[in-house]
Amino acid sequence: MYNIAVVGDRDSVMGFGALGLKTFFVEDRAQCRRVFKHLTEAGNYAVIYITEAAAEFVPDEIESCEDRMIPAVILIPGVSGNTGSGIKGVKNAVEKAVGSDIIFND
């Protein structure tokens with residue numbers, strides 16, 4: 001059975017534990033890299049939600065997951081706000097799948 005992980009600062013991800021998701025609190029680049037590597041190599045996480053702020057610590061690792069079915073890495077805003085990188089990722093994924101921008105029509 002696959003799990004769902006949520007990675008980010010404590011305030012942003014704490015509530016997801018109440019929903020049964022596995023939460024991983026990270027505070028710096030080294031810790032985020034360690035946790036993200038563990039989650040992607042464990043093989044039992046189908047979805048990894050990561051806050052946009054934490055995703056800035058592991059851009060290469062996230063990019064390496066783009067062509068894999070599992071895990072799906074999804075950027076979410078944290079309590080500090082939305083940086084726009086999550087929306088950009090969705091836009092790029094849709095363009096890649098469909099061949100054109102059908103969401104924003106840029």
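The following refers to the structure shown. As the structure is a prediction and not an experimental result, all values here were calculated from the model. By convention here, each chain's residues receive numbers from 1 onward along its written sequence. Restriction of local features to residues with pLDDT of at least 70 applies here, the model being predicted, together with a cutoff of 80 or more for giving and counting side-chain atom pairs; totals for whole chains, interfaces and linings are based on all residues. Excluding hydrogens and water, the side-chain values take into account all heavy atoms of the structure.

### Section: the side chain of Asn-3
Move 1: Going along the chain from the N terminus, every DSSP run of H or I of four or more residues is numbered as a helix, and every run of E of two or more is numbered as a strand. Among the structural elements, Asn-3 can be located in strand β1 (residues 3-8).
Move 2: Taking relative accessible area as the criterion, Asn-3 reaches 19% and is therefore assigned buried.
Move 3: Apart from the residues lying within four places of it in its own chain, the contact partners of Asn-3 are Lys-22, Asn-44, Tyr-45, Ala-46 and Val-47. The rule is simple: take the accessible area with a 1.4 Å probe, protein chains only, and divide by the maximum for that residue type; under 20% is buried, over 50% is exposed, in between is partly exposed. Contacts: residue pairs with any heavy atoms within 4.5 Å of one another.

### Overview of the nonpolar core
One recurring pattern in soluble globular proteins: nonpolar side chains tend to sit buried together.
Move 1: Formed by 16 residues in total, the largest nonpolar core has its most connected members in Val-7, Phe-24, Phe-36, Leu-39, Ile-48 and Ile-50.
Move 2: Mapped onto this core, the elements with two or more residues apiece are β1, α2 (29-42), β3 (45-51) and α3 (52-55).
Move 3: Tallying contributions element by element places α2 first for this core, with 4 residues.
Move 4: Ile-48 has contacts with Ala-5, Val-7, Phe-36, Leu-39, Thr-40, Pro-71, Ala-72, Val-73 and Ile-74, leaving out every residue within four places of it along the chain. Definition of nonpolar core: a set of buried residues of the types Ala, Val, Leu, Ile, Met, Phe, Trp, Tyr and Cys, connected through side-chain atoms within 4.5 Å.

### Some words on the environment of Arg-10
Move 1: Turning to its location among the elements, Arg-10 is positioned in helix α1 (residues 10-13).
Move 2: A sequence separation of 13 residues divides Arg-10 from Thr-23, and the C-alpha atoms of the two residues are 8.7 Å apart.

### Considerations on the pattern of salt bridges
Move 1: By salt bridge we mean one thing: a side-chain nitrogen of Lys or Arg within 4 Å of a carboxyl oxygen of Asp or Glu. Evaluated as defined, the whole model comprises 1 salt bridge.
Move 2: A salt bridge links Glu-61 to Arg-33, with the nearest nitrogen and oxygen atoms 2.3 Å apart. Of the two residues, Glu-61 sits in helix α4 (residues 59-64) while Arg-33 sits in helix α2, which places them 28 residues apart along the sequence.
Move 3: By relative accessible area, Glu-61 is classed as partly exposed at 23%.

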